[in-house]
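# Examining the three-dimensional arrangement
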Amino acid sequence: MRDLAAGMGYLAKGQKWVGRHGRWWAFGMIPALITLAGYAVALFFLGGWAGDIAEWATPFADSWSSLWQDLLRTTLAAVVFVGGLLLSVLTFTAVTLLVGQPFYEALCEKVDETEGGAPTPPDVPLWRELVVAARDSLFVLVRAGGFGVLLFAAGFIPVVGQTVVPVLGFLVSGFFLTLELTSVGLQRRGVPQRERLRLLRGRLGLALGFGVPLVLGFLVPLVTVIAMPGAVAGATLLARDLVPVGEEPRPSSEDGDEQGEQGEQGEQGGHGERPDAAAVPELPEYGARRPVDGNPYAAAPAQPVEPVEPNPYRSA
């Protein structure tokens, strides 16, 4: 129950974040609006062609009486349209995330920046990110489709099919919706798709608490478009706690004073002479953000900061 409440808390925090950053809320709605327009056009044409599709699929009914022929083809046309509508609902989030990959990557990065401890994202070109996002979305859709087939078959079981199966359907949809939405933040942290699945299965209550309310909300027209930016922001906050990223501590003031004294001694020992600029060693960068020890998904493990050698090049 605690994880369920925490999941709903992340969802609420994401909506509050975009509420405080209105420009990013409007920015995050652009991919959802583009996808919604595309689906609306596709469903419009599907509604117009559903009758032709039904007629093409039932040539055996040409010799039937007009009553039974019309009944069969009207029913089949309705099934085709409803099937297309259901498919659009199931795939809307995945397509929106694919279309909005650059938008949601920027939104995710902004959330990380405002909350502190932003990771260094993988240095890959945009086309590569789109390919990876499409592959990951297909991975999720195949798995969700497998569960959908099982639940559809179980729906014919008396009593269970009308009570337990719908509840399971919402739970499964909520889990995979969370997996989709957290993919942006976890991909920035170098977590592969199968490991994301394992992470969320290990925190099942957290995933369901975040995703199931979204599934219920997305049943209301236009809520998907309005709530999507906040859902991505909330999923980023969730990903931050699943795979935390911290800041490496800066050297203490005592260490700094000791290094300063060593530098002054180096200057005096060098009789004021300075070597060529090309010979100046590069000093390590302090305060660079690195993954904390608990993050096993970084490309390379964090290395301890080497002590700084005396610097003879600072002016007295």
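These numbers come from a predicted model, not from an experiment. (Residues numbered from 1 in each chain as written. Predicted model: local features only at pLDDT ≥ 70, side-chain atom pairs only at ≥ 80, totals over all residues. Heavy atoms only, no water.)

### Section: the overall build of the protein chain
A tally of regular secondary structure across the protein chain gives eleven helices and two strands. Ordering the α and β elements of the protein chain from the N terminus gives α-α-α-α-α-α-α-α-α-α-β-α-β. When each of the 316 residues of the protein chain is scored for burial, the buried share is 37%. A separation of at least 24 residues holds for 82% of the contacts in the protein chain among residues at least 6 apart in sequence. When the accessible surface of the protein chain is split by element, carbon and sulfur atoms take 65% of a total near 18,500 Å². (Helix = DSSP H or I, 4+ residues; strand = E, 2+ residues; numbered from the N terminus. Buried < 20%, exposed > 50% of the residue type's maximum accessible area, 1.4 Å probe, protein only. Contact = heavy atoms within 4.5 Å. Areas by Shrake-Rupley, 256 points an atom, 1.4 Å probe, with all protein chains shown as cover.)

### What about helix H2 (residues 22–57)?
With 36 residues, H2 should cover 52 Å at 1.5 Å per step; its first-to-last C-alpha distance of 49 Å lies within 8% of that length. Along H2, the largest kink reaches about 45° and is centred on Trp49. Those residues of H2 lying buried are Trp24, Gly28, Met29, Pro31, Ala32, Thr35, Tyr39, Leu43, Leu46, Ala50 and Ala54. (Expected span 1.5 Å × (residues − 1). Bend = angle between axes of the 7 residues up to and from the residue.)

### Comments concerning the pattern of salt bridges
According to the stated counting rule, one finds seven salt bridges in the structure shown. The partner of Arg73 in a salt bridge is Asp62, with the nearest N and O atoms 2.6 Å apart. Here the residue Arg73 occupies a position in helix H3 (residues 66–99), and Asp62 occupies one in the loop between H2 and H3, the gap between them amounting to eleven residues. Taking the shortest distance from any N to any O, the salt bridge between Glu195 and Arg198 comes out at 2.4 Å. Residue Glu195 and its partner Arg198 are located together in helix H8 (residues 193–202), separated by three residues, close to a single helical turn. Through salt bridges with shared partners, a single ionic network connects Glu105, Asp112, Arg188, Arg189 and Arg240. (Salt bridge = Lys/Arg side-chain N within 4 Å of Asp/Glu carboxyl O.)

### A closer look at the nonpolar core
Counting 48 residues, the largest nonpolar core has Tyr104, Leu181, Phe210 and Leu214 as its most contacted members. The element best represented in this core is helix H10 (residues 223–242), accounting for eleven residues. Setting aside chain neighbours within four positions, we find Phe210 in contact with Gly7, Met8, Tyr10, Leu11, Thr178, Leu181, Ala231, Gly234, Ala235 and Leu238. (Core = buried A, V, L, I, M, F, W, Y, C linked by side-chain atoms within 4.5 Å.)

### Examining the confidence of the model for the protein chain
Mean pLDDT over the protein chain stands at 74; residues scoring 70 or higher make up 70%. Model confidence for the protein chain, summarised as mean pLDDT per element, is weakest for helix H11 (residues 253–269) at 44 and strongest for helix H1 (residues 2–20) at 89. The low-confidence segment residues 247–292 (pLDDT under 50) makes 54 contacts with residues lying over four places distant or belonging to another chain. (pLDDT = per-residue confidence, 0-100.)

### Things to note about the packing of aromatic side chains
In total, this model carries seven aromatic pairs according to the counting rule given. Residues Phe175 and Phe176 carry aromatic rings whose centres are separated by 5.5 Å and whose planes lie at 85° to one another, so their mutual orientation is edge-to-face. Take Phe175 and Phe176: they sit in the same class, and that class is buried. Members of the aromatic cluster, connected to one another through ring pairs, are Trp24, Phe27 and Phe103. One Lys or Arg, Lys13, reaches over the ring of Tyr10 and ends 5.3 Å from the middle of that ring. (Phe/Tyr/Trp six-rings, centres within 6.5 Å; stacked < 30°, edge-to-face > 60°. Lys NZ or Arg CZ within 6 Å of the ring centre and 35° of its normal.)

### A short note on the environment of Gly185
Within the secondary structure layout, Gly185 lies in helix H7 (residues 183–188). Residues within four places of Gly185 in sequence aside, it is in contact with Cys108 and Ala239.

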